[in-house]
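Examining the three-dimensional arrangement
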There are 2 protein chains.
Amino acid sequence: MTDVLAPGAVIGILGGGQLGRMLSVAASRLGFICHIFEPGAEPPAGQVAHRVTTASYDDEAALRAFAEAVDVITYEFENIPTSALDLLEGLRPIRPGREALRVSQDRLVEKNFLADLGLQTAPFANVETRADLDAALATIGAPSILKTRRFGYDGKGQARIMQDADADDAFASMAGAPSVLEGFVNFSHEVSVIAARGLNGEISCYDPGENVHKDGILHTTTVPANLKSPQRMDAVLLAAKILNALEYVGVMGVELFVTPGGLIVNEIAPRVHNSGHWTQNGCVVDQFEQHIRAVVGWPLGDGQRHSDVEMLNLIGDDVDQVPEFAKEPNSAIHLYGKAEVKAGRKMGHLNRRTGPAN
Amino acid sequence: MTDVLAPGAVIGILGGGQLGRMLSVAASRLGFICHIFEPGAEPPAGQVAHRVTTASYDDEAALRAFAEAVDVITYEFENIPTSALDLLEGLRPIRPGREALRVSQDRLVEKNFLADLGLQTAPFANVETRADLDAALATIGAPSILKTRRFGYDGKGQARIMQDADADDAFASMAGAPSVLEGFVNFSHEVSVIAARGLNGEISCYDPGENVHKDGILHTTTVPANLKSPQRMDAVLLAAKILNALEYVGVMGVELFVTPGGLIVNEIAPRVHNSGHWTQNGCVVDQFEQHIRAVVGWPLGDGQRHSDVEMLNLIGDDVDQVPEFAKEPNSAIHLYGKAEVKAGRKMGHLNRRTGPAN
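What this report covers is the structure whose coordinates are included nearby. Note that the structure is predicted; figures quoted are calculated from it, not measured. (Residues numbered from 1 in each chain as written. Chains lettered and ligands numbered in written order. Predicted model: local features only at pLDDT ≥ 70, side-chain atom pairs only at ≥ 80, totals over all residues. Heavy atoms only, no water.)

1. Details of the overall build of chain A
The condition that has to hold: Numbering of helices and strands starts at the N terminus; helices are DSSP runs of H or I of at least 4 residues and strands are runs of E of at least 2. Here the globule rule is a power law, 2.2 Å times the number of residues to the power 0.38, and the radius of gyration is based on C-alpha atoms. Buried, partly exposed and exposed residues are distinguished by accessible area as a fraction of the type maximum, computed with a 1.4 Å probe on protein chains only: under 20%, between the cut-offs, and over 50%, respectively. The contact criterion used is simple: two residues touch if any of their non-hydrogen atoms lie within 4.5 Å. Areas reported as accessible are Shrake-Rupley estimates using a 1.4 Å probe. Residue values count occlusion only from the protein chains shown.
Helix and strand counts for chain A come out as eleven helices and 17 strands. Its C-alpha atoms give chain A a radius of gyration of 20 Å, within 12% of the compact-globule value 21 Å for 358 residues. Taken across its 358 residues, chain A has 59% of its residues classed as buried. Put simply, 62% of the contacts in chain A that link residues at least 6 apart link residues at least 24 apart. Carbon and sulfur atoms provide 49% of the accessible area of chain A, an area that totals close to 13700 Å².

See the structure below:
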């Protein structure tokens, strides 16, 4: 088991935002040293990690030095340039592996992957030309939503098509980027499963959380989610199917639409996920530690939930309410160390413990 | 309320061991930046804090630069040289304040302080000369225990006197250091209260934990402690009395012996305390965050416990069992990032969640 790392080993994390920050804290709890690679100056994760490399993803010397200074590499975001991954994977293990990134970096590849597994997705069609869009609309119809295949997150790179007349504007807004047209799904609510797979193939899932979005950004996640017992089971089984198919190592967020016809996979994220932040105050081993345990080859936590939690994202000037939140007796504040407040920027989150788990 | 610090402010911590490390992580969760001052190289806290000053406590320039780089100063240990405190307190607020340090740095001063508050302590007498020891033994009798007045911890600087004939060896082992003779207390068990007082005088106590020592070092702390309801109330009230008397700001550990005649104060520690580590997995706001909240002038957490927990210290090569502990479904591992394992060295601890709190 040479793949198992002992405390004192160095974990390299690509990306220095809040996810890298919370991964770093979790890793330190297990006695690991963290080294962040991040192009931006003064990254949030740099305040809590032992070492930081500030360099661009096309700086080959910096990437090489980073890889040689760490024992394993993981990441907080899926849109890492392929050239950087090509260089790094020759030097150190990257977990989760390339296949998960290849699939999740491209909406079309991801949809086809999910459909091939027999999972339900929204109806979708590839759109590279204006003619493709017309053809797609003829099949899928409006309302629907045009999304760039790559680099979209938090509602960015998306355009709604409420009627056929919106097609021109929507196509123009993609600025020539290859896109996917997705049909609207008539769902009652969204849930997500935070699932983990260990180096030895064991799988552990947290209880699904129910997500509410505001302005295209996650607003709250509540556990337990409003799900019937068989739906809960379905959610976990389909997440496991995805992780096994990818021979995945680490934590993945799987977003699901709940419909009368069953669960529909919205998207997958090959990393710790905003909708799993509640685990910090709901479980003995949270999603960040779970990811680190997988990446270093340790046994996974069992995912058991001891508390009911509502996670509230603090976006932009929501963070001004922290003095009020600090007075709440059962709320845990988690701030990301970002100096500048901007509209739409994730500044922190609040985990409200609403009671013991049933 | 200019004393209230906002996220982004810098907290200076004197001491870079595991307590400074866990304080630093808690502070970062609230969006604060941490700066460690520590004479030793590569301190455990340095792996998770944003900045580290490596300098001795008699390096005035380094102390001055440290103070000027931070907004408030706190500490992880009570034996900070007085000269350093004198310099620092002219530059930045030190919390908890000097009075708590003055009292707790000297066992004799501490015992007198507690007795003056009307609290029960073990019988004690000042011992500066060999003749003092004879006089003390004539009053207190054997078995008893001779302890240096200053710089003792984890059983260090102590000599047991089982019979009068042990007096010579015990006195010699103090090497001329001013000491206190303490009578043995016939107690059934030891508990400790982790108490906090905010900048505005509010007080919050965690549920008392029951402590078991091994070889003079804390071995386990278990919550809930074996205490009757009035004892639990007594414990909390006497802790509050101590904090109020000192106009204390921060978390304090108060060790108590449980006897048929009531609770006897063993000692107080003006800092986060090993016997409060269980709060990390038993409460929404743990002792480290509670201390930081006090120090930055925020409202305190209410101390409510959601889980029963057994904390197990990992001393020396206990840490070799971490791979086994990692398999336990309800156990949280906390390691301190110490590279070298030494006998008697605190390497980490395990918080076993044993069930929901009643």
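Alright, that's what it looks like, and here's the rest.
2. Let's talk about unusual backbone geometry
Residue proline 224 of chain A is bonded to the preceding valine 223 of chain A through a cis peptide linkage, with omega at 0 degrees. Among the structural elements, proline 224 of chain A can be located in the loop between strand S12 (217–223) and helix H8 (229–245). One non-glycine residue, alanine 175 of chain B, adopts positive backbone phi at about 50 degrees. In this fold, alanine 175 of chain B is placed in the loop between helix H7 (167–173) and strand S8 (179–183). For aspartate 215 of chain B, which is not glycine, the phi torsion reads 55 degrees and is therefore positive.

3. Here's the deal with the relation of the copies chain A and chain B
Going by this rule: For this overlay, a least-squares fit was computed on C-alpha atoms, restricted to residues scoring pLDDT of at least 70 in both copies.
Its rotation angle being 180 degrees, the transformation that places chain A on chain B also includes 0.0 Å of axial translation and leaves an RMSD of 0.0 Å. Taken together, the rotation and translation relating the two chain copies correspond to the operation of a two-fold axis. It is valine 48 of chain A whose C-alpha, among those of chain A, lies nearest the rotation axis, at 2.2 Å. Most of the interface of chain A is mirrored in chain B, where 100% of its interface residues are also at the interface.

4. Considering empty space enclosed by the protein
Gaps left between atoms are located by rolling a probe of water-molecule size over the structure's atoms. The cut-off we apply is this: Cavities and pockets are found on a 1 Å grid laid over the protein atoms alone: a cavity is a set of points where a 1.4 Å probe fits but cannot escape, a pocket is an open set with protein on both sides within 12 Å along at least five of seven lines, and a lining residue has an atom within 4 Å of such a point. Grid points are joined across faces, edges and corners, and a volume is the space filled by probe spheres set on the points.
Scanning the model with the defined rule gives three cavities of 30 Å³ or more in all. Of the pockets and cavities examined, the largest cavity occupies roughly 700 Å³. Elements supplying a minimum of two residues to the lining of the largest cavity: helix H1 (18–29), helix H9 (279–282), helix H10 (287–295) and strand S16 (331–335) of chain A together with helix H1 (18–29), helix H9 (279–282), helix H10 (287–295) and strand S16 (331–335) of chain B. Roughly 50 Å³ of internal volume is contained in the second largest cavity. Contributing to the lining of the second largest cavity are Arg107, Glu110, Lys111, Lys147, Glu182, Asn266 and Glu267 of chain A. Going through the elements one at a time, helix H5 (107–116) and strand S14 (262–269) of chain A are the ones with two or more residues in the lining of the second largest cavity. With three residues, the top contributor of residues to the lining of the second largest cavity is H5 of chain A.

5. A short note on helix H6 (residues 130–140) of chain B
All names here are of chain B. Put simply, the test is: Regarding the arc, it is the one traced by the directions from the helix axis to the C-beta atoms.
Within H6 the residues assigned to the buried category are Leu133, Ala136, Leu137 and Ile140. Here the buried residues of H6 occupy an arc of 100 degrees about the axis, which is enough to place them on one side. Along H6, exposed side chains directed more than 90 degrees from the buried face belong to Ala131, Ala138 and Thr139. Where H6 is buried, its residues meet strand S5 (124–127), strand S6 (144–148), strand S7 (158–161), H7 and S8. Positive phi shows up at glycine 141, right after H6, with a value of about 80 degrees.

6. Comments concerning the interface of chain A and chain B
For clarity, the cut-off: Polar contact criterion, stated in full: a pair of N or O atoms within 3.5 Å, where within protein one must be able to donate a hydrogen and the other to accept it, and residues adjacent in sequence count only if both atoms are side-chain atoms. By the convention adopted, Pro, Cys, Tyr, Trp, Phe, Met, Ile, Leu, Val and Ala count as nonpolar, Lys, Arg, Asp and Glu as charged, and the other residues, Gly among them, as polar.
Listed per partner, the contact involves 33 residues of chain A and 33 residues of chain B. Between chain A and chain B we count ten residue pairs in polar contact (both at pLDDT 80 or more) in total. Taken together, the elements giving at least two residues each to the side of chain A that touches chain B come down to H1 and S16 of chain A. For the side of chain A that touches chain B, the per-class residue count stands at 16 nonpolar, eleven polar and six charged.

7. Observations regarding the packing of aromatic side chains
Our working rule: Stacked, tilted and edge-to-face are the three classes applied to pairs of Phe, Tyr and Trp rings, where Trp contributes its six-membered ring and a pair requires centres within 6.5 Å; stacked means planes under 30 degrees apart, edge-to-face means over 60, and tilted covers the rest.
A full pass over the atoms with the stated rule returns twelve aromatic pairs over all chains. Put simply, the rings of Phe37, Tyr57, Phe66 and Phe77 of chain A touch in pairs and so form one group of aromatic residues.

8. What to know about the side chain of glutamate 255 of chain A
Residues and elements named next belong to chain A. Convention followed: Here Asp and Glu are counted as negative and Lys and Arg as positive; His is not counted, and neither are the chain ends. The rule for a salt bridge is simple: a side-chain nitrogen of Lys or Arg has to be within 4 Å of a carboxyl oxygen of Asp or Glu.
Relative to the helices and strands, glutamate 255 is located in strand S13 (residues 250–259). One buried charged residue, glutamate 255, remains without a salt bridge, the closest side chain of opposite sign being arginine 271 at 6.7 Å. Excluding residues within four positions of it along the chain, glutamate 255 makes contact with Glu190, Val191, Ser192, Ile264, Val265, Asn266, Glu267 and His273.

9. Remarks on the pattern of salt bridges
For the structure shown, the criterion picks out 42 salt bridges over all chains. Between arginine 149 of chain B and glutamate 128 of chain B there is a salt bridge; the shortest N-O distance is 3.5 Å. With arginine 149 of chain B in the loop between S6 and S7 and glutamate 128 of chain B in the loop between S5 and H6, this pair connects stretches of sequence that are 21 residues apart. A salt bridge links aspartate 308 of chain B to arginine 305 of chain B, with the nearest nitrogen and oxygen atoms 2.5 Å apart. On the basis of relative accessibility, which here comes to 12%, the residue aspartate 308 of chain B falls in the buried class. One connected set of salt bridges, linked through shared partners, spans Arg29, Asp286, Glu289 and Arg293 of chain A.

10. Quick notes on the sheet that holds strand S4 (residues 72–75) of chain A
All names here are of chain A. What counts, and what does not: By the convention used here, strands pair only if DSSP detects at least 2 bridges between them. Structural elements are reduced to axes, namely lines fitted to C-alpha atoms, with helices fitted over the stretch in contact, and the angle between N-to-C directions of any two is expressed from 0 to 180 degrees.
On the basis of which strands lie adjacent, the open sheet formed by four strands has the order S3-S2-S1-S4 and parallel pairing. The sheet is open, and its two edges are formed by strand S3 (51–54) and S4, each paired on a single side. With direction set aside, neighbouring strand axes in the sheet form an average angle of 25 degrees. Here five bridges tie strand S1 (residues 10–14) to strand S2 (residues 33–38), and the two strands are oriented parallel to one another. Bridge assignment links isoleucine 13 to a residue of S2, and that residue is isoleucine 36.

11. As for the state of the cysteines
Residue and element names in this part refer to chain B. Worth spelling out the cut-off: Defined by distance alone, a disulfide is two cysteine sulfur atoms within 2.5 Å.
A full pass over the atoms with the stated rule returns zero disulfides over all chains. The cysteine cysteine 283 is free of any disulfide, with cysteine 205 supplying the nearest cysteine sulfur at 12 Å. Assessed through its relative accessible area of 5%, cysteine 283 is described here as buried.

12. Focus: the environment of asparagine 281 of chain B
Looking at the secondary structure, you find asparagine 281 of chain B in helix H9. With a relative accessible area of 13%, asparagine 281 of chain B lands in the buried category. Through-space distance from the C-alpha of asparagine 281 of chain B to that of valine 319 of chain B is 19 Å; in sequence the pair is 38 residues apart. Excluding residues that lie within four positions of it along the chain, asparagine 281 of chain B makes contacts with Val284 of chain A together with His306, Ser307, Val309, Ala332, His334 and Asn351 of chain B.

Function-wise, these values are silent; they only describe arrangement.
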